[in-house]
Amino acid sequence: MHSHPRSAVVTGSSSGIGLGIAEGFAAAGMNVMMNGIESPEEIRPICDRLADEHGVRVAYEPANMMTPEGARDLIASAEKAFGRVDVLVNNAGIQHVAPVEEFPEAKWDAIMALNLSAVFHTSKAAITGMKTRGWGRIINVASAHGLVASPFKSAYVSAKHGILGFTKTLAIEAAENGVTVNAICPGYVLTPLVEKQIPDTAKARGITEEQVKRDVLLAAQWTKKFVTVEQLAGVALFLCSEAAENITGIALPVDGGWTAS
Ligand code: NAD
């Protein structure tokens, strides 16, 4: 076993999947640098709770992952707080739903900046330390939409497919240095990001919110169950384990069979 607690950075961890992963990491004894767009005052109670419950250090940095400077600042403040970044989870992401001919240019650019370019900028800032120490884990939260498309999500689907290309490239660049780089491809998880889409979809299709859940969101998810943030935290922890030392450059679906058919 390693003698020091691992230090992790989880982007977009004030809510949803990122929060679930941050919580799973804290429970496993890691120090965690959380991140999101909310104010530090809003997130401090969560940091304090995780730190108290699990006896680890938990900090929060509201750096904007849409900019290269924000991504670099986040890694720098984690290095300052904990001395190192052993695990980086690139999770921050947004969605916009519209047909291509109506898709706002600004939304395309924002989704590319946050969902794809941020993965490059944080990884670039964190990889040298990981390689030098001979151990590291980068986990990119892509999506089933990194493997297959749905209509009206052109920017999101493009960015998530792009993550898989970046994941493979960095994985082979860092392979001899004890650093693995993998992507997780979740199906639908009931987080604020998804819940926001339900009333609009119900209105657009003239159906109830329950019908949206079963017949639209879970239509392709054969288990007919939403993926949970606890399950994704478990998968991320597995990728951090020594058992996963030789797993690198993969896109791991956690999607109830969606991409099997
Ligand atoms: P969410 O909306 O619950 O949380 C998004 C997080 O990102 C928040 O912590 C927010 O503060 C942060 N964020 C937003 N803009 C930011 C910015 N500019 N800089 C830094 N942080 C920012 O979303 P979620 O559903 O938990 O999604 C997290 C990731 O998982 C996203 O990349 C998403 O694409 C992916 N994903 C979600 C689902 C799903 O069904 N929810 C499925 C597959 C993949």
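Novice: Looking at this structure, I do not really get the site of the ligand. What am I missing?
Specialist: The local shell around the ligand holds 31 residues, among which S14, S15, Y156, V189 and T191 are the closest. For the ligand, an oxygen atom lies 3.2 Å from a polar atom in the backbone of G12. Take E38: an N or O atom from its side chain is 3.0 Å from an oxygen atom of the ligand. When the free accessible area of the ligand is taken as 830 Å², the share hidden by the protein chains comes to 95%. At three residues, the largest contribution of residues to the shell around the ligand is made by helix α6 (residues 192-195). Its residues assigned to classes, the shell around the ligand comprises 16 nonpolar, 13 polar and two charged. In this structure, the shell around the ligand is formed jointly by two domains, domain 1 (7-187 + 228-254) and domain 2 (190-226), each of which donates at least three residues.

Novice: I'm lost on the sheet that holds strand β1 (residues 7-10) in this one. Help?
Specialist: Strands pair in a sheet through their backbones, by hydrogen bonds, and they do so in one of two ways: parallel or antiparallel. In space, the seven strands of this open sheet follow the order β3-β2-β1-β4-β5-β6-β7, with parallel pairing throughout. In this open sheet, the two strands that pair with only one neighbour each are β3 (58-61) and β7 (251-254). Adjacent strand axes in the sheet meet at a mean angle of 20° when their direction is disregarded. Relative to β3, strand β2 (residues 31-35) runs parallel, the two sharing four bridges. From the neighbouring strand, M34 faces β3, where its bridge partner is Y60.

Novice: Looking at this model, I keep getting lost on unusual backbone geometry. Mind explaining?
Specialist: Apart from glycine, the bulk of residues carry a negative phi angle, and the bulk of peptide bonds sit in the trans form. Even without being a glycine, F152 presents a positive backbone phi close to 75°. Mapped onto the elements, F152 comes out in the loop between β5 (136-141) and α5 (154-174). Positive phi, normally seen in glycine, also occurs at K224, with a value near 60°. Relative to the helices and strands, K224 resides in the loop between α8 (209-217) and α9 (229-240).

Novice: Can you walk me through the side chain of Q221 in this structure?
Specialist: For Q221, the position within the fold is in the loop between α8 and α9. Judged by its relative accessible area of 0%, Q221 is buried. Side-chain polar atoms of Q221 contact the backbone oxygen of K225, separated by 2.9 Å. In this structure, Q221 is in contact with G187, Y188, F226, V227, D255, G256 and W258, ignoring residues within four places of it in sequence.

Novice: What is the right way to look at the pairing of β5 in this model?
Specialist: Each regular strand displays side chains that alternate between the two surfaces of the sheet. With six of six residues buried, β5 is to be regarded as a mostly interior element. Residues G136, I138 and N140 line one face of β5 and the alternating positions R137, I139 and V141 line the opposite face, and both faces are buried. Judged from the four bridges that link them, strand β4 (residues 87-90) and β5 form a sheet pairing that is parallel. Across the sheet, the residue bridging to V87 is R137, located in β5. On the question of chirality, the crossover connecting β4 to the parallel β5 by way of helix α4 (residues 105-133) is right-handed.

Novice: So what exactly am I meant to see when it comes to the domain arrangement of the protein here?
Specialist: Often, the extent of an interface is quoted as the loss of accessible area upon association of its parts. Examined at the domain level, the protein breaks down into domain 1 (7-187 + 228-254) and domain 2 (190-226). Centre-to-centre separation of domain 1 and domain 2, based on C-alpha positions: 25 Å. Counting residues at the interface gives 11 residues for domain 1 and six residues for domain 2. Interface of domain 1 and domain 2: buried area, both sides summed, is about 500 Å²; carbon and sulfur atoms make up 61% of it. At the boundary of domain 1 and domain 2, one finds zero salt bridges. Viewed at the interface, domain 2 and domain 1 are joined by zero residue pairs in polar contact (both at pLDDT 80 or more). For the side of domain 1 that touches domain 2, a count of residues per class yields four nonpolar, six polar and one charged.

Novice: Teacher, can you tell me more about the pattern of salt bridges here?
Specialist: Between side chains of opposite charge, pairing is possible as soon as their charged atoms come close. Counted according to the given criterion, the structure contains seven salt bridges. As a salt-bridge pair, D86 and R84 come within 3.1 Å of each other at their nearest N and O atoms. Residue R84 is classed as partly exposed on the basis of its relative accessible area, which comes to 22%. The residue K213 makes a salt bridge to E210 at a minimum N-O spacing of 3.6 Å. Highlighted residues: K213 and E210, both in helix α8, separated by three residues, approximately one helical turn.

How each quantity is defined
- Per-chain numbering applies: the sequence of each chain, read as written, is numbered from 1 onward.
- At least 70 in pLDDT is required for a residue's local features to be given in this predicted model, at least 80 for side-chain atom pairs to be given and counted, and no such filter applies to totals for whole chains, interfaces and linings, which use all residues.
- Where side-chain values are given, they derive from all heavy atoms of the structure, hydrogens and water being excluded.
- We call a residue near a molecule or strand as soon as one heavy atom of that residue lies within 4 Å of the molecule or strand.
- Think of a polar contact as two N or O atoms within 3.5 Å of one another; within protein, one of them needs to be a possible hydrogen donor and the other a possible acceptor, and neighboring residues in sequence only count if both atoms come from side chains.
- Working definition of accessibility: Shrake-Rupley area with a 1.4 Å probe, residue cover restricted to the visible protein chains.
- Every helix listed is a DSSP run of H or I at least four residues long, and every strand listed is a run of E at least two residues long, numbered separately from the N terminus.
- Classes in brief: Ala, Val, Leu, Ile, Met, Phe, Trp, Tyr, Cys and Pro nonpolar; Asp, Glu, Lys and Arg charged; the others, Gly included, polar.
- Reported domain spans reflect what an automatic or database domain assignment gives.
- Strands were regarded as paired on the criterion that DSSP finds at least two bridges between them.
- The axes are straight lines fitted to the C-alpha atoms, using for helices just the contacting stretch, and the angles between their N-to-C directions are given from 0 to 180°.
- Think of it in three bands: residues with accessible area under 20% of the maximum for their type are buried, residues over 50% are exposed, and the middle band is partly exposed, with areas taken using a 1.4 Å probe on protein chains only.
- The contact criterion used throughout is that any non-hydrogen atoms of two residues lie within 4.5 Å.
- If you view a crossover with the strands going away from you and the path from the first strand over the helix to the second runs clockwise, you call it right-handed.
- The term buried area refers to how much accessible surface (probe radius 1.4 Å) is lost by two components on association, counted for both of them together.
- Salt bridges are defined by distance alone: a side-chain nitrogen of Lys or Arg within 4 Å of a carboxyl oxygen of Asp or Glu.

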